[in-house]
Amino acid sequence: MKYDTVEEFRQKRDEAVNFIKDQTDFDPEYLVILGTGLGQLADEIEEEHAIPYDQIPHFPVSTVESHAGRLLFGTLGGKKVVAMQGRFHYYEGYTMQQIAFPVRVAKFIGAQTLVVSNACGGLNPNFRRGDIMLINDHINFLGDNPLIGPNDEELGPRFPDMSEPYTERLLELAENVALENSIKMHKGVYLAVSGPMLETKAEYRYMRQLGADVVGMSTVPEVISAVHMGMDVLGISVITDECFPDALEPVNIEDVLAGAAMAEPKMTQVIIRVLERL
Ligand code: HPA
């Protein structure tokens, strides 16, 4: 799905938005995107309504086994949220516009803030598998982005500013929450690659030299599209493997999922406590 015109995008978006509004009058303030192996947060949501992706007009459908594929509406930390249980990755073959579509739809049903999580590899030698990191900036190495093509001025500007993609106020709040709850949490730069292969030693060395603390295959398209629409963003990464070029071990998806499980309770707690305080 690549839109030829703004009108085509608006029509598809309206069909999805209207379908959802016909199903539920729940009006979420927050969009929560759950990363690979990070489904526990969804269990904490007091569920009001759920819609499988494949029922929503023009919604992409998840292909990754570890992702469930539905929109969950409910309350988390006392706030009204819509959660994407399962997200879309560029390596699955979706276009950037498809990956951004749920974020754009969520904005039109009321979400003003994006809370996004992901599994990633740690490049910073101070990071360990099972740690969590607050994302305070990113590097887009996907070679594509969701804003290419006709710009809908109703969504946002042609040339959106990216001086503060991760909302400073939310970063401060999350740091305070982690401190108060004695949760060790790093802060750093997320670099996005397309995947699906993990990186070579030479690539990890290069990425670290570029200023990245972690590397992953998601998040940046959703964040770009949220920032374009003027949404606030909070991003948290869980480090599922250590990408140290001089001591690199082979990694498979089971290792990644096990690493995510180690970090998940910490991430879940930080997000719930942040929402409680907002
Ligand atoms: N590289 C890219 N993406 C990842 C990694 C990694 O090492 N670990 C988990 N997601």
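Above this text sits the structure in question.
Each value, and the rule that gives it
Residues numbered from 1 in each chain as written. Predicted model: local features only at pLDDT ≥ 70, side-chain atom pairs only at ≥ 80, totals over all residues. Heavy atoms only, no water. Core = buried A, V, L, I, M, F, W, Y, C linked by side-chain atoms within 4.5 Å. Buried < 20%, exposed > 50% of the residue type's maximum accessible area, 1.4 Å probe, protein only. Helix = DSSP H or I, 4+ residues; strand = E, 2+ residues; numbered from the N terminus. Contact = heavy atoms within 4.5 Å. Near = heavy atom within 4 Å. Polar contact = N/O pair within 3.5 Å; in protein donor to acceptor, adjacent residues only side chain to side chain. Areas by Shrake-Rupley, 256 points an atom, 1.4 Å probe, with all protein chains shown as cover. Axes fitted to C-alpha atoms, helices over the stretch in contact; angles between N-to-C directions. Parallel < 35°, antiparallel > 145°, perpendicular 65-115°, else oblique. Left-handed = near helix turned anticlockwise from the far one by under 90°. Nonpolar A, V, L, I, M, F, W, Y, C, P; charged D, E, K, R; others polar.

Draft legend 1. The arrangement of the nonpolar core in detail. Within the largest apolar cluster, 83 residues are counted, with the highest numbers of intra-cluster contacts made by Leu 31, Leu 71, Leu 114, Ile 132 and Val 270. Looking at which element gives the most residues to this core, the answer is helix H7 (residues 253-277), with nine residues. The residues touching Leu 114, leaving out its near neighbours within four places in the chain, are Leu 31, Ile 33, Glu 222, Val 223, Ala 226, Met 231, Asp 232, Val 233 and Leu 234. Counting nine residues, the second largest nonpolar core, distinct from the first, contains Leu 191, Tyr 204, Met 217 and Cys 243.

Draft legend 2. Geometry of the site of the ligand. If you check the shell around the ligand, you find Ala 119, Cys 120, Gly 121, Leu 198, Glu 199, Tyr 204, Val 215, Gly 216, Met 217, Thr 240, Asp 241 and Cys 243 and nothing else. With respect to the ligand, the backbone of Gly 121 contributes an N or O atom lying 3.3 Å from a nitrogen atom. At a separation of 2.9 Å, an oxygen atom of the ligand approaches a polar side-chain atom of Tyr 204. In isolation the ligand has 260 Å² of accessible area, and contact with the protein removes 95% of it.

Draft legend 3. How the structure looks around the packing of helix H3 (residues 96-108) against helix H6 (residues 220-228). One way to put it is that H3 packs onto H6 with a least axis distance of 9 Å and a crossing angle of 55°. Overall, the two elements H3 and H6 adopt an arrangement that is oblique. Like other packed secondary-structure pairs, H3 and H6 cross with a definite hand, here right-handed. For the pair formed by H3 and H6, the contact residues are Met 96, Ile 99, Ala 100, Val 103 and Arg 104 on the first element and Pro 221, Glu 222, Ser 225, Ala 226 and His 228 on the second. In terms of residue class, the contact of H3 with H6 is made up of six nonpolar, two polar and two charged.

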